[in-house]
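What follows is the residue order along each chain.
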Amino acid sequence: MKINTEAIQITPLKNGRVLVGNVMTGDYLKISKAYFEVITSIINQYGELNKFLQESDEEPTIKNNLQKLYEGLVRIKCFVQENEKFIEDTKYNEIYLAVTDRCNLKCKHCCQDSGCRVHDALTTDDIKLAINYIIMLNPKGIVFTGGEPIMRKDLIELLHYARTNFKGQIILSTNTLLITEKNINSILENITGISISLDGYDQNSCDIVRGNGVFKRTIENIKLIRKKGFENISISAVYTKYMEGHENEFNELCKKYDAVPIIRNLFLNGRANINEDDLVPSDYLWHITRSREISCRHCRAGERELYISSAGEIYPCPNLQYKEFYCGNVTDPMIESSFREKKIGEIAREKMKIHRTWNQENCKNCEMGLFCQTCEAEYKMLIDNKALYQKFCETKRNYLSSLI
């Protein structure tokens with residue numbers, strides 16, 4: 001047996017205890033620091049506990065305590081077999097491919113700051129090359145996103161290329177406003193799902209964020225998509241003050257059109273940062289502190305998802321587009337081997353590891369650090385906003401302390 005250094009983090013607690021947390025599975029155990037150090041020493045020396053227990057003349061009570069604690073540590077995968085590979089081969093759920101940063105809307109909350117620009121950075125061949133790289137990783141799905149993907153005149157060609165060469169799911173993320181009777185069949189026959197941004201539960205809540213008349217036009221196109229017999233539809237809304245307290249109405253709207261409802265947290269990046277005062281709900285702090293289950297399992301961005309920007313830049317996820325998380329560019333010929341040999345996940349994992357909460361000065365000594373912020377993108381957003389971070393830290397620490 002050996003200590004699972006790939007997944008286990010140790011946090012000192014008061015009263016001579018430590019919290020042993022598995023940041024990949026979310027399992028954890030509170031244990032006496034003295035007993036933990038003894039068990040760790042035994043494993044390092046003997047490789048297993050039973051051999052030590054057989055040779056030891058310790059009191060039966062101590063032996064029994066060691067056995068029970070050891071079993072608990074094995075259960076949370078603190079100790080694994082010498083040849084056991086705890087980090088399994090990466091199987092991506094989704095890889096996001098932003099084919100443009102141009103958009104026909106200028107939404108207040110857009111973290112990409114998309115808008116009406118003159119041209120795209122990537123050519124048709126560049127994007128086809130990116131698709132080839134993605135296929136090498138064999139994800140469950142490819143998400144065509146933007147900006148607004150349909151702004152590209154070659155989108156249908158790109159969707160068809162992906163559909164011809166990739167057997168997984170192909171999702172189009174769109175506001176639907178550029179879908180017409182002329183192009184809808186060509187779009188739908190080359191995708192397996194469509195993710196529609198609405199960001200409201202009625203005309204007022206949508207239009208105030210996305211623009212006048214957007215709600216009505218989007219609903220009309222949702223009806224058109226349904227009319228064509230297309231079934232795999234999701235509708236999303238970013239949680240702003242215009243959505244606050246109206247989740248039920250949003251869910252009912254999605255139910256009406258037989259669509260999967262998705263409510264996303266607000267990220268204060270891009271245009272959302274500029275419009276912060278007009279967007280942040282009064283319960284924003286509560287929403288980001290309590291909207292997730294309590295767990296020390298941290299996100300697997302870079303290993304379960306990847307994001308390729310409209311400039312070809314590779315990041316662990318769409319909300320981590322910062323230089324410290326940059327993993328390469330699909331237009332660089334040297335990047336091919338990282339995809340072919342499936343090393344891009346290792347590159348991303350190393351980038352993420354440096355910025356995990358337990359490696360940050362602000363958080364590494366906090367007893368609640370492993371549980372506090374398991375989404376690294378939210379954590380990055382918070383530490384860049386000192387006033388919000390301070391409020392979040394106090395609120396979340398008190399909340400977690402009462403439960404863990």
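Preceding block: the structure.
Let me begin by describing the structure that accompanies this report. (Residues numbered from 1 in each chain as written. Predicted model: local features only at pLDDT ≥ 70, side-chain atom pairs only at ≥ 80, totals over all residues. Heavy atoms only, no water.)

## Some details on the pairing of strand E6 (residues 94–98)
- The buried fraction of E6 is high, at four of five residues.
- Note that E6 and strand E7 (residues 141–145) share five bridges and pair parallel. Bridge pairing links Ile95 to Ile142 in E7.
- Alignment of E6 against strand E12 (residues 305–308), held across four bridges, turns out to be parallel. Bridge pairing links Glu94 to Glu305 in E12. (Buried < 20%, exposed > 50% of the residue type's maximum accessible area, 1.4 Å probe, protein only. Helix = DSSP H or I, 4+ residues; strand = E, 2+ residues; numbered from the N terminus. Pairing = 2+ DSSP bridges.)

## Quick word on the nonpolar core
- Counting 61 residues, the largest nonpolar core has Leu97, Phe144, Ile191, Ile225, Ile314 and Ile344 as the members making the most contacts within it.
- If near-sequence neighbours (up to four positions away) are discounted, Leu97 is found in contact with Ile127, Ala130, Ile131, Ile134, Val143, Phe144, Thr145 and Ile308.
- Membership of the second largest hydrophobic core comes to 43 residues, among which are Ile171, Val238, Ala301 and Tyr307. (Core = buried A, V, L, I, M, F, W, Y, C linked by side-chain atoms within 4.5 Å. Contact = heavy atoms within 4.5 Å.)

## Quick look at the sheet that holds strand E3 (residues 17–22)
- If you trace the three strands from one edge of the open sheet to the other, you get E2-E3-E4, paired in antiparallel fashion. Two strands in the sheet have a free side with no partner beyond their single neighbour: strand E2 (8–12) and strand E4 (28–32). On average, adjacent strands in this sheet sit at an angle of 25 degrees to one another, irrespective of strand direction.
- Bridge count between E2 and E3: five bridges; the pairing is antiparallel. The partner of Thr11 across the bridge, within E3, is Leu19.
- Along the sheet, helix H1 (residues 33–46) contacts E2, E3 and E4; its crossing angle with E4, the most-contacted strand, is approximately 100 degrees.
- Against the sheet, helix H3 (residues 60–75) contacts E3 and E4, and its axis sits at roughly 155 degrees relative to E4. (Axes fitted to C-alpha atoms, helices over the stretch in contact; angles between N-to-C directions.)

## A short note on the sheet that holds E6
- Ordered by their spatial adjacency, eight strands build an open sheet running E11-E10-E9-E8-E7-E6-E12-E13, and the pairing between neighbours is mixed. Lying at the two open borders of the sheet, with one neighbouring strand each, are strand E11 (260–264) and strand E13 (314–315).

## What about the state of the cysteines?
- By the definition in use, this model includes zero disulfides.
- No disulfide involves Cys103; its sulfur sits 6.1 Å from the nearest other cysteine sulfur, which is in Cys107. (Disulfide = S-S within 2.5 Å.)

## Observations regarding the pairing of strand E8 (residues 169–174)
- Burial analysis of E8 places five of its six residues in the buried class, which makes it a mostly covered element.
- The pairing of E7 with E8 spans four bridges and is parallel. Directly across from Gly141, in E8, lies its bridge partner Gln169.
- Where E8 and strand E9 (residues 193–197) come together, four bridges link them in parallel fashion. Each bridged residue has a counterpart across the sheet, and for Ser173 the counterpart in E9 is Ser195.

## Quick word on the pattern of salt bridges
- In the structure shown here, the tally under the stated rule is 18 salt bridges.
- Of the charged contacts, one joins Arg152 and Asp120 as a salt bridge, the two residues approaching to 3.7 Å between their closest N and O atoms. In this pair, Arg152 is assigned in the loop between E7 and helix H5 (155–165) and Asp120 in the loop between E6 and helix H4 (124–137), connecting sequence segments 32 residues apart.
- With a relative accessible area of 19%, Asp120 lands in the buried category.
- The structure contains a network of salt bridges with shared partners spanning Arg102, Asp120, Arg152 and Asp154. (Salt bridge = Lys/Arg side-chain N within 4 Å of Asp/Glu carboxyl O.)

## A short note on the packing of helix H16 (residues 376–383) against helix H17 (residues 386–401)
- At their nearest, the axes of H16 and H17 sit 6 Å apart, and the two run at 120 degrees to each other. Between H16 and H17, the angle is such that the two are oblique. Contact residues: Tyr379, Leu382 and Ile383 in H16; Lys386, Leu388, Tyr389 and Phe392 in H17. (Parallel < 35°, antiparallel > 145°, perpendicular 65-115°, else oblique.)

## Considerations on the side chain of Thr40
- Here Thr40 shows up in helix H1.
- Beyond its immediate sequence surroundings of up to four residues, Thr40 is in contact with Ile3 and Phe79.

## Quick word on helix H14 (residues 344–354)
- Residues Ile344, Gly345, Ala348, Arg349 and Met352 constitute the buried set of H14. Mapping the buried residues of H14 onto a view down its axis gives an arc of 135 degrees, with all of them on the same face. (Arc of directions from axis to C-beta.)

## Details of the environment of Phe250
- Relative to the helices and strands, Phe250 is located in helix H9 (residues 247–256).
- Sequence separation between Phe250 and Tyr28 is 222 residues; the distance between their C-alpha atoms is 36 Å.
- What Phe250 contacts, discounting residues up to four positions off in sequence, is Gly200, Tyr201, Ile235, Ser236, Ala237, Met243, Pro261, Ile262 and Ile263.

## What about the packing of aromatic side chains?
- As enumerated under the stated definition, the model contains six aromatic pairs in all.
- Pairing Tyr28 with Phe371 gives two aromatic rings, centres 4.8 Å apart and planes at 85 degrees, and the pair type is edge-to-face. Linking Tyr28 in strand E4 with Phe371 in helix H15 (residues 369–372), this pair joins segments that are 343 residues apart in sequence.
- Using a relative accessible area of 4% as the deciding quantity, one classes Phe371 as buried.
- With centroids separated by 6.1 Å and ring planes inclined at 65 degrees, the aromatic side chains of Tyr315 and Tyr326 adopt a geometry described as edge-to-face. Here the residue Tyr315 occupies a position in strand E13, and Tyr326 occupies one in the loop between E13 and helix H13 (336–340), the gap between them amounting to 11 residues.
- By relative accessible area, Tyr326 is classed as partly exposed at 32%.
- One cation-aromatic arrangement involves Lys380 over Tyr322; the distance from NZ or CZ to the ring centre is 4.8 Å. (Phe/Tyr/Trp six-rings, centres within 6.5 Å; stacked < 30°, edge-to-face > 60°. Lys NZ or Arg CZ within 6 Å of the ring centre and 35° of its normal.)

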